[in-house]
Amino acid sequence: MANQCKFWDCFEKISPVHTFCGDHFEWAQAGDIDDCPLCDRGKFSKYPLCTDCETNSSDSIKTDNTKLATIHLLSVVNDLMTMVNSDTAGWPDEKLRQLDRLEHAANMVRKELQSG
Ligand SMILES: [Zn+2]
Ligand SMILES: [Zn+2]
């Protein structure tokens, strides 16, 4: 996992310090690639899910606006968690508890969505 490109259907071998292969890294830098909110692999940002997750989830995901909105919300929460988690030193307990709750809730939503 550590030395394979993070993009969902790319099996390019890469150095362990890198996340994406050369091509996908450039796309990620340009903002064309972000993380799939369900499986955490790279996907094209214009789609809500990677093709793998989209195929595995029920057809309703594309037509169900509530589900689609939930996926977008989850993806924003994921970004926020990634950003904040490296920065919690010195946070008061109350704040950390709220972050835990958010993470827990996000995991539950992810599981619901994965089960279609
Ligand atoms: Zn790649
Ligand atoms: Zn996915």
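These figures come from a predicted structure and were not determined experimentally. (Residues numbered from 1 in each chain as written. Chains lettered and ligands numbered in written order. Predicted model: local features only at pLDDT ≥ 70, side-chain atom pairs only at ≥ 80, totals over all residues.)

Student: Just to check I follow, could you spell out the overall build of the protein chain for this structure?
Tutor: Each helix and strand in the protein chain was counted, giving five helices and two strands. When the helices and strands of the protein chain are listed from N to C terminus, the series reads α-β-β-α-α-α-α. Dimensions of the protein chain along its principal axes, counting C-alpha atoms only, are 40 × 40 × 25 Å. Within the protein chain, the fraction of its 116 residues that count as buried is 15%. (Helix = DSSP H or I, 4+ residues; strand = E, 2+ residues; numbered from the N terminus. Buried ≥ 20, exposed ≤ 12 C-beta atoms within 10 Å, placed from the backbone.)

Student: Looking at this structure, I do not really get helix α5 (residues 93–114). What am I missing?
Tutor: Since there are 3.6 residues in each turn of an α-helix, residues three or four apart along the chain are aligned in direction. Its 22 residues place the ends of α5 31 Å apart at the C-alpha level, agreeing with the 32 Å of an ideal helix rising 1.5 Å per residue. The element α5 is barely covered by neighbouring structure, given that only zero of its 22 residues are classed as buried. (Expected span 1.5 Å × (residues − 1).)

Student: Is there a simple way to think about the confidence of the model for the protein chain in this case?
Tutor: Scored by pLDDT, the protein chain comes out at a mean of 90, with 93% of its residues at no less than 70. Mean pLDDT in the protein chain bottoms out at helix α3 (residues 60–63), which sits at 68, and peaks at strand β2 (residues 42–44), which reaches 96. (pLDDT = per-residue confidence, 0-100.)

Student: Teacher, can you tell me more about the packing of helix α4 (residues 65–85) against α5 here?
Tutor: As a packed pair, α4 and α5 sit with axes 10 Å apart at the nearest point and diverge in direction by 140°. The orientation of α4 with respect to α5, classified from their angle, is oblique. For the crossing formed where α4 meets α5, the hand is left-handed. Residues Thr-70, Ile-71, Leu-74, Val-77, Asn-78, Met-81 and Val-84 of α4 form the contact with α5, whose participating residues are Leu-99, Leu-102, Glu-103, Ala-106, Val-109, Arg-110 and Leu-113. Class assignment for the residues of the contact of α4 with α5 results in ten nonpolar, two polar and two charged. (Axes fitted to C-alpha atoms, helices over the stretch in contact; angles between N-to-C directions. Parallel < 35°, antiparallel > 145°, perpendicular 65-115°, else oblique. Left-handed = near helix turned anticlockwise from the far one by under 90°. Contact = placed C-beta atoms within 7 Å. Nonpolar A, V, L, I, M, F, W, Y, C, P; charged D, E, K, R; others polar.)

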